[in-house]
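# Topology and contacts: notes
Here are the chains, one letter per residue:
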Amino acid sequence: MSNKEVLRKVARHPPAAVVNPTTAIAETLLKLREKGVRHALVGDEEGKLIGIVSAKDLLNYLGGGHLYRIVEEKFRGDISEALKAPISTIMKPKPFSIKVTENLADAINLMFSHDIGVLPILEDDKIWGVLSERHIFRLLTDHRAFVTVSEIMSKPVIAVKPETSVLEVMKTCIANDVRRLPIVDRGSLIGILTIKDCVRYLAQSLDKLFKGAYSEVMNVQAQQLASKPVYTIAPDADIIEAVKLMNQHNIGCLPVVEKDQIVGILTERDFLTKLPKIKGVEYIVDTVRNAIVVGRVWF
């Protein structure tokens, strides 16, 4: 099987969301909501890759971080005008990419080594597809890894209260470089709010934003947008149990709970960035089966 055939089976071809540099930021929000993805590739009229924009970039721009300065300085705080601006205003130019003829194992190693969540795939310098951490995560086999959840989970947990505003959620995500925030009330986990949830909400609220109701939109409480139910896992569980649970419910993270207390959070990114660094743990990319076998080979 050729490298291209392997990538066709594993990656997304064509990509779910592709926009051009002049596409309005509001339209890009709608595109991400419609396709249910976190990234949009930016291509020119010939289909050549020139940039990439993420859901996190959009939240950063709309009030979550330093990109909001563009709204304040260029548009004098007028959010409706800021939403009409072209996506080139905030896109990241010249992202990492691979050719469609390249090896899957090399692509995965590139993502691991540079902590890349999404990798555009090119054919004849034009956008062909995209390989994401979700695609890689789904390749993990169901063999016991002899690695516990506690070894790769993220901690301490960054959480918010039910009454935390959407704007504060966005700021917290950007400041801490996270995509998911557990919602905790009096020590109990009641929900989880993700960047994708925020993008969907902002896309749904565009009419209000264009009418100048920025404060009304941004003051909605986190508990009103939380994803439910919340699936959890114990810290001493084998990571493959987490893989099964996350794939079964098509979710990208699991709060880690011990004695009814949240002690960590496990994400797809934790698997990709932390597993290769644990001593005694190795992973093998099996391109024949389109699978990744990971496990502790020595203790």
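Above this text you will find the structure in question.
So, here's what we can say about the structure. Everything numeric here is computed off the predicted structure, so don't read it as measured data.

Now for the overall build of the chain. In terms of helices and strands, the chain carries 14 helices and 13 strands. For 299 residues, the compact-globule estimate of 2.2 N^0.38 gives 19 Å, and the C-alpha radius of gyration of the chain, at 20 Å, lies within 12% of that figure. Put simply, of all contacts in the chain between residues at least 6 apart along the chain, 62% involve residues at least 24 apart. Accessible area of the chain: about 14,600 Å², with a carbon and sulfur share of 47%. On the chain, the mean spot of the 40 positive side-chain charges and the mean spot of the 36 negative ones are 1 Å from each other.

Here the focus is the packing of aromatic side chains. For the coordinates displayed, the defined rule picks out three aromatic pairs. Centroid distance F112 to Y283: 5.0 Å. Interplanar angle 75°. Geometry classified as edge-to-face. Within this pair, whereas F112 is found in helix α6 (residues 104-114), its partner Y283 is found in strand β12 (residues 281-286), the two being separated by 171 residues in sequence. A relative accessible area of 27% places Y283 in the partly exposed class. Pairing F137 with F271 gives two aromatic rings, centres 5.0 Å apart and planes at 80°, and the pair type is edge-to-face. With F137 in helix α7 (residues 133-137) and F271 in helix α14 (residues 268-274), the pair connects residues that are 134 residues apart, well separated along the chain. Considered together, F137 and F271 belong to a single accessibility category, that of buried residues.

A few words now on the nonpolar core. By size, the foremost hydrophobic cluster in this structure holds 50 residues, and its most contacted members are Y61, L62 and L202. For L62, the residues in contact, after removing those within four places along its chain, are L29, Y68, I79, L83, M170, L202, Y214 and M218. Counting residues in hydrophobic clusters, the runner-up holds 46 residues, among them I98, I136, A242 and L266.

Applying the stated criterion across every chain yields a total of 19 salt bridges. Among the salt bridges present, the one from D177 reaches K56, with a minimum N-O distance of 2.6 Å. Placement of the pair is D177 in the loop between α9 (166-176) and β8 (180-185) and K56 in helix α3 (residues 55-64), with a sequence separation of 121 residues. Note on D177: relative accessible area 58%, which makes it exposed.

Running from N to C, α3 and helix α10 (residues 195-204) cross one another at 60°; their axes reach a closest spacing of 10 Å. Looking at the two axes, α3 sits oblique to α10. Considering only the axes of α3 and α10, their crossing is left-handed. In contact with A55, K56, L59 and L62 of α3, α10 contributes I195, C198, V199 and L202. Here the contact of α3 with α10 is composed, by residue class, of seven nonpolar, no polar and one charged.

With an omega of -5°, the peptide bond running from H13 to P14 counts as cis. In the segment running from K155 into P156, the intervening peptide bond is cis, with an omega of -5°. Along the chain, P156 turns up in the loop between α8 (149-152) and α9. Even without a glycine there, the phi angle at N250 is positive, about 55°. With respect to the element layout, N250 can be found in the loop between α13 (239-249) and β10 (253-258). If you check the backbone angles, K259 has positive phi at about 55° while not being a glycine. Here K259 is to be found in the loop between β10 and β11 (261-267).

Turning next to the side chain of D197. Here D197 shows up in helix α10. In this structure the side chain of D197 is engaged in a polar contact, spanning 3.0 Å, whose partner is the backbone nitrogen of T194. The contact partners of D197, leaving out residues within four places of it in the chain, are I192, L225 and S227.

This paragraph deals with the pairing of strand β6 (residues 118-123). Of all six residues making up β6, five are buried, and the element is well covered by its neighbours. In this sheet, β6 lies alongside strand β5 (residues 98-99) in parallel orientation, the contact comprising two bridges. Bridged to K99 within β6 is L122. By the bridge criterion, six bridges tie β6 to strand β7 (residues 126-132) in an arrangement that is antiparallel. The partner of L119 across the bridge, within β7, is L131.

Calculation rules
- Residues numbered from 1 in each chain as written.
- Predicted model: local features only at pLDDT ≥ 70, side-chain atom pairs only at ≥ 80, totals over all residues.
- Heavy atoms only, no water.
- Helix = DSSP H or I, 4+ residues; strand = E, 2+ residues; numbered from the N terminus.
- Rg over C-alpha atoms; globule rule 2.2 N^0.38 Å.
- Contact = heavy atoms within 4.5 Å.
- Areas by Shrake-Rupley, 256 points an atom, 1.4 Å probe, with all protein chains shown as cover.
- Lys, Arg positive; Asp, Glu negative; His and termini not counted.
- Charge placed at Lys NZ, Arg CZ, Asp CG, Glu CD.
- Phe/Tyr/Trp six-rings, centres within 6.5 Å; stacked < 30°, edge-to-face > 60°.
- Buried < 20%, exposed > 50% of the residue type's maximum accessible area, 1.4 Å probe, protein only.
- Core = buried A, V, L, I, M, F, W, Y, C linked by side-chain atoms within 4.5 Å.
- Salt bridge = Lys/Arg side-chain N within 4 Å of Asp/Glu carboxyl O.
- Axes fitted to C-alpha atoms, helices over the stretch in contact; angles between N-to-C directions.
- Parallel < 35°, antiparallel > 145°, perpendicular 65-115°, else oblique.
- Left-handed = near helix turned anticlockwise from the far one by under 90°.
- Nonpolar A, V, L, I, M, F, W, Y, C, P; charged D, E, K, R; others polar.
- Polar contact = N/O pair within 3.5 Å; in protein donor to acceptor, adjacent residues only side chain to side chain.
- Pairing = 2+ DSSP bridges.

That's the geometry; what it means functionally is another story.
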